[in-house]
Amino acid sequence: MTVEQAAQNNQTAGDRQLLAYGAKDRAVCDIPPTDVNSTVTLTCYFPADVSVNKKNFIVYHSVTTQAPVAVINATWYEGQYLFSLAPGFGLEGSQSDGRAFTFYILQVSKGHNGMYSCNPDGYHDGDIKGCELVLNKSGSESVDSHEQKGNSTDCSNHSKTTDIYFILFIIATVLSVCIPLVCLIFVLRR
């Protein structure tokens, strides 16, 4: 990548951020176009600092043929956010600004195509503007894990497995918080 291309990419990202922050009363997100098997960022922008309001938020992924699925769940707990992330999703860097949270998606596949939305507690559909993950045409020759040239397979088992892992991850997160609290309550009652 040339210096000019990097500067253009930074300017584009900066323009998107200004546009997102310009949505004064709406939660918006941003995902730049990407290639199959690459890593891409997903940024949620909120009109107010959600950490001041201590609002939980959920990032949903949806495609037209299925109900939205929670891929990121942010819960405010004891002065900080705890994140439950679906497999393949991660938190990028430290999140010091409660108006913008950046996540990443590893090894983007065709299954990641679709709409994403950042939904803080208390917001309604009209208060939220989603964003779409679009794969670049140049990446269309790439083979992802669900489709091989001339031989496509059903991805529903992968989706069900991902949902099960995500549910197990949420249960483990809840238990890791609840068990110490139950022990503390038990000790305090004595």
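Residues numbered from 1 in each chain as written. Predicted model: local features only at pLDDT ≥ 70, side-chain atom pairs only at ≥ 80, totals over all residues. Heavy atoms only, no water.

Moving on to the overall build of the protein chain. Looking only at helices and strands, the protein chain has three helices and twelve strands in total. Once local pairs closer than 6 in sequence are excluded, the contacts in the protein chain between residues at least 24 apart make up 59%. When the accessible surface of the protein chain is summed, it comes to about 11900 Å², and 55% of that surface belongs to carbon and sulfur atoms. (Helix = DSSP H or I, 4+ residues; strand = E, 2+ residues; numbered from the N terminus. Contact = heavy atoms within 4.5 Å. Areas by Shrake-Rupley, 256 points an atom, 1.4 Å probe, with all protein chains shown as cover.)

In this section: the sheet that holds strand β10 (residues 131-133). Strands sit in the order β5-β4-β3-β8-β10 across an open sheet of five strands; the sheet is antiparallel. On the outer flanks of this sheet lie β5 (80-85) and β10, each paired with one strand and no other. Mean inter-strand twist for the sheet, computed between neighbouring axes without regard to direction, equals 20 degrees. As paired elements, strand β3 (residues 57-62) and strand β8 (residues 114-120) share six bridges and run antiparallel to each other. Among the inter-strand pairings, Ile58 is bridged to a residue of β8, identified as Asn119. (Pairing = 2+ DSSP bridges. Axes fitted to C-alpha atoms, helices over the stretch in contact; angles between N-to-C directions.)

The biggest cluster of nonpolar side chains holds 29 residues, and the ones touching the most others in it are Phe57, Val59, Phe83, Phe103 and Tyr116. For this core, the secondary-structure elements that each account for two or more residues are β1 (27-30), β2 (40-45), β3, β4 (69-77), β5, β7 (100-105), β8 and β10. (Core = buried A, V, L, I, M, F, W, Y, C linked by side-chain atoms within 4.5 Å. Buried < 20%, exposed > 50% of the residue type's maximum accessible area, 1.4 Å probe, protein only.)

The next thing to look at is the sheet that holds strand β9 (residues 128-129). The strands making up a sheet are joined through hydrogen bonds of the backbone, oriented either antiparallel or parallel. Spatial strand order, β6-β7-β2-β1-β9: five strands in an open sheet with mixed pairing. Since the sheet does not close on itself, it has two edges, and those belong to β6 (89-91) and β9, each with one partner. Pairing geometry for β1 and β9, over two bridges, is parallel. Looking across to β9, one finds that Val28 is bridged to Lys129.

Let us now look at the state of the cysteines. In total, this model carries two disulfides according to the counting rule given. Disulfide pairing is shown between Cys29 and Cys131; the S-S distance is 2.1 Å. Negative torsions about the S-S bond denote left-handed disulfides, and the value of about -115 degrees found for Cys29 with Cys131 makes this one left-handed. One end of the pair, Cys29, is in strand β1; the other, Cys131, is in strand β10, and 102 residues separate them in sequence. Disulfide partner of Cys44: Cys118, at an S-S distance of 2.0 Å. The S-S bond linking Cys44 to Cys118 shows a torsion near -75 degrees; that makes this disulfide left-handed. Here Cys118 lies in strand β8 and Cys44 lies in strand β2, a separation of 74 residues in the sequence. We classify Cys44 as buried; its relative accessible area is 0%. Its relative accessible area of 1% is what places Cys118 among the buried residues. Look at the protein chain and number its bonded cysteines as they come in the sequence; the links are 1-4, 2-3. (Disulfide = S-S within 2.5 Å.)

Once that is clear, we can look at the side chain of Thr102. Looking at the element boundaries, Thr102 is found in strand β7. Exposure remark for Thr102: the relative accessible area of 18% places this residue in the buried category. Within the structure, the side chain of Thr102 is placed 3.2 Å from the side chain of Thr43, a separation counted as a polar contact. (Polar contact = N/O pair within 3.5 Å; in protein donor to acceptor, adjacent residues only side chain to side chain.)

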